[in-house]
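# Analysis of the macromolecular model
Read off the chains here:
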Amino acid sequence: MSIKYWEFEDAPMKEKLKDLRVGTISRIFYDNETEAYRFSMLLLEVKKKGTMKLKDVPESIPIATAKRYLDFAVQIGLLKHENAAYSLTDRYSKPFRNIAAYIKAWMENAQDEDLSTQFINAKMEKQIKRGGRAEVKNDEPVKAEDHGVV
């Protein structure tokens with residue numbers, strides 16, 4: 001996901017609101033031009049038709065690919081999927097505002113935190129080396145048998 005600074009800055013956002021395009025929305029989520037184009041095409045079709053079923057997907061996009069993009073749009077809250085049809089919804093703006101308020105409150109809070117209690121199951125130690133070059137000890141040259149070569 002390529003969320004850039006302008007989504008949160010007031011002045012750039014006001015400029016963006018003057019020229020609304022679905023491509024701008026798609027580029028928030030996809031860096032790849034082809035993926036952004038397909039996502040834009042599907043969102044535009046849903047907007048034009050009101051609701052869209054998978055059988056109504058444009059022929060230039062495979063149905064399995066369209067389903068993946070449409071399901072992603074449902075997951076992030078741009079679309080809803082009811083009665084085998086996709087349609088626009090607004091589950092996106094309110095939760096995003098709440099996330100911004102939570103982050104701001106966290107930044108202003110001076111409370112000390114213990115991450116080991118928040119992430120109990122996280123692996124906190126350095127991982128054991130699983131391959132690559134053998135470590136050189138005391139500036140000794142690496143021998144062939146150290147690498148398993150005889």
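Keep in mind it's a predicted model, so treat the numbers as computed, not measured. (Residues numbered from 1 in each chain as written. Predicted model: local features only at pLDDT ≥ 70, side-chain atom pairs only at ≥ 80, totals over all residues. Heavy atoms only, no water.)

### Some words on the overall build of the protein chain
- In terms of helices and strands, the protein chain carries 6 helices and 3 strands.
- Shown N-terminal to C-terminal, the secondary structure of the protein chain runs as helices and strands in the order α-α-α-β-α-β-β-α-α.
- Residues classed as buried in the protein chain amount to 21% of the 150 residues present.
- Put simply, of all contacts in the protein chain between residues at least 6 apart along the chain, 41% involve residues at least 24 apart.
- A total of about 12500 Å² of accessible surface is found on the protein chain, and carbon and sulfur atoms cover 54% of it. (Helix = DSSP H or I, 4+ residues; strand = E, 2+ residues; numbered from the N terminus. Buried < 20%, exposed > 50% of the residue type's maximum accessible area, 1.4 Å probe, protein only. Contact = heavy atoms within 4.5 Å. Areas by Shrake-Rupley, 256 points an atom, 1.4 Å probe, with all protein chains shown as cover.)

### Details of the pairing of strand β3 (residues 85-88)
- As paired strands, strand β1 (residues 51-52) and β3 are joined by 2 bridges and run antiparallel to one another. Bridged to Met-52 within β3 is Tyr-86.
- Bridge count between strand β2 (residues 79-82) and β3: 4 bridges; the pairing is antiparallel. Note that in β3 the partner of Glu-82 across the bridge is Ala-85.
- In textbook terms, the turn of a hairpin is the stretch between consecutive antiparallel strands, and for β2 and β3 this stretch comprises 2 residues, one of which, Asn-83, has a positive phi near 55°. (Pairing = 2+ DSSP bridges.)

### A word on the side chain of Glu-45
- With respect to the helices, strands and loops of the structure, Glu-45 is situated in helix α3 (residues 33-49).
- Assessed through its relative accessible area of 18%, Glu-45 is described here as buried.
- Here Glu-45 is in contact with Met-52 and Pro-58, once residues within four sequence places are set aside.

### Topic: unusual backbone geometry
- One non-glycine residue with positive phi stands out, namely Asn-83, at about 55°.
- Here Asn-83 lies in the loop between β2 and β3.
- We classify Asn-83 as exposed; its relative accessible area is 73%.
- Phi is positive for Ala-84, close to 60°, though the residue is something other than glycine.
- With respect to the secondary-structure elements, Ala-84 resides in the loop between β2 and β3.

### Things to note about helix α4 (residues 63-76)
- With 14 residues, α4 extends 20 Å between its outermost C-alpha atoms, agreeing within 8% with the 20 Å of an ideal straight helix rising 1.5 Å per residue.
- Those residues of α4 that fall on the buried side of the exposure criterion are Thr-65, Ala-66, Tyr-69, Leu-70, Ala-73 and Ile-76. Seen from one end, α4 has its buried residues packed into an arc of 125°, which puts them on one side. Residues of α4 that are exposed and angled more than 90 degrees away from the buried face: Ala-64, Arg-68 and Gln-75.
- Those residues of α4 hidden inside the fold are in contact with α2 (22-29), α3, β1, β2 and β3.
- Two residues or fewer past α4, Gly-77 is found with a positive phi of approximately 95°. (Expected span 1.5 Å × (residues − 1). Arc of directions from axis to C-beta.)

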